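# Notes for the structure review
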Amino acid sequence: MQLTLSQAIIATFCIALVILCERAFPFVLFTKKEPPALIRFIEKYIPPMVMAALVVYCLKDLQPGNMASLVPNLAGILITFIAYKWKRNSLVAIFGGTIVYMVLIRVL
């Protein structure tokens, strides 16, 4: 089924309104009071836990004796860590580690 132009505009407007409400909800809810302890816990501990899970997921298929796959992975992780500590910018760290990894898997 193909949408007409008016249906596409209405659907886009509805989706934009839903996204706006989702984005505004925390600000409206927590403007006058402190967020609950659970929300403070989540904002403090979930990002490092997600990053740790991603590192474990990325390294799960490595073979201990296969240096050709071990070096690019560990170098990418190391560069990501160093770039983040140096610049305190997640995008710089992610792109830097990814570039190093991609170059090394092509070279090695």
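Residues numbered from 1 in each chain as written. Predicted model: local features only at pLDDT ≥ 70, side-chain atom pairs only at ≥ 80, totals over all residues. Heavy atoms only, no water.

## Overview of the overall build of the protein chain
Scanning the protein chain from N- to C-terminus turns up 4 helices and 0 strands. Ordered by position in the sequence, the α and β elements of the protein chain form the string α-α-α-α. Each principal axis of the C-alpha atoms in the protein chain carries an extent, and together these give about 55 × 45 × 25 Å. Classification of the 108 residues of the protein chain by burial places 7% in the buried group. If you take every contact in the protein chain between residues at least 6 apart in sequence, the share linking residues at least 24 apart comes to 32%. When the accessible surface of the protein chain is split by element, carbon and sulfur atoms take 74% of a total near 9,200 Å². The centroid of the 10 positive side-chain charges in the protein chain is displaced by 7 Å from the centroid of its 4 negative side-chain charges. (Helix = DSSP H or I, 4+ residues; strand = E, 2+ residues; numbered from the N terminus. Buried < 20%, exposed > 50% of the residue type's maximum accessible area, 1.4 Å probe, protein only. Contact = heavy atoms within 4.5 Å. Areas by Shrake-Rupley, 256 points an atom, 1.4 Å probe, with all protein chains shown as cover. Lys, Arg positive; Asp, Glu negative; His and termini not counted. Charge placed at Lys NZ, Arg CZ, Asp CG, Glu CD.)

## Quick look at helix H4 (residues 90-107)
The end-to-end C-alpha distance of H4 is 26 Å, a good match for the 26 Å that 18 residues give at a rise of 1.5 Å each. For H4, the capping residue at the N-terminal end is Asn89, with a side-chain oxygen 3.0 Å from the backbone nitrogen of Leu91. (Expected span 1.5 Å × (residues − 1). Polar contact = N/O pair within 3.5 Å; in protein donor to acceptor, adjacent residues only side chain to side chain.)

## What to know about the confidence of the model for the protein chain
Residues of the protein chain with pLDDT of at least 70 account for 100%, and the chain-wide mean is 88. Across the protein chain, the element-wise mean pLDDT spans from 85 in helix H2 (residues 37-59) up to 93 in helix H1 (residues 5-29). (pLDDT = per-residue confidence, 0-100.)

## A short note on the packing of aromatic side chains
Counted by the stated rule, this structure contains 1 aromatic pair. Consider the rings of Phe41 and Tyr45, whose centres lie 5.0 Å apart with planes at 45 degrees: the pair is tilted. Here Phe41 and its partner Tyr45 are both found in helix H2, 4 residues apart, which amounts to about one turn of the helix. Of the residues examined, Phe41 reaches a relative accessible area of 41% and is grouped as partly exposed. Seen from the ring of Trp86, Lys87 lies directly overhead, with NZ or CZ sitting 4.5 Å from the centre. (Phe/Tyr/Trp six-rings, centres within 6.5 Å; stacked < 30°, edge-to-face > 60°. Lys NZ or Arg CZ within 6 Å of the ring centre and 35° of its normal.)

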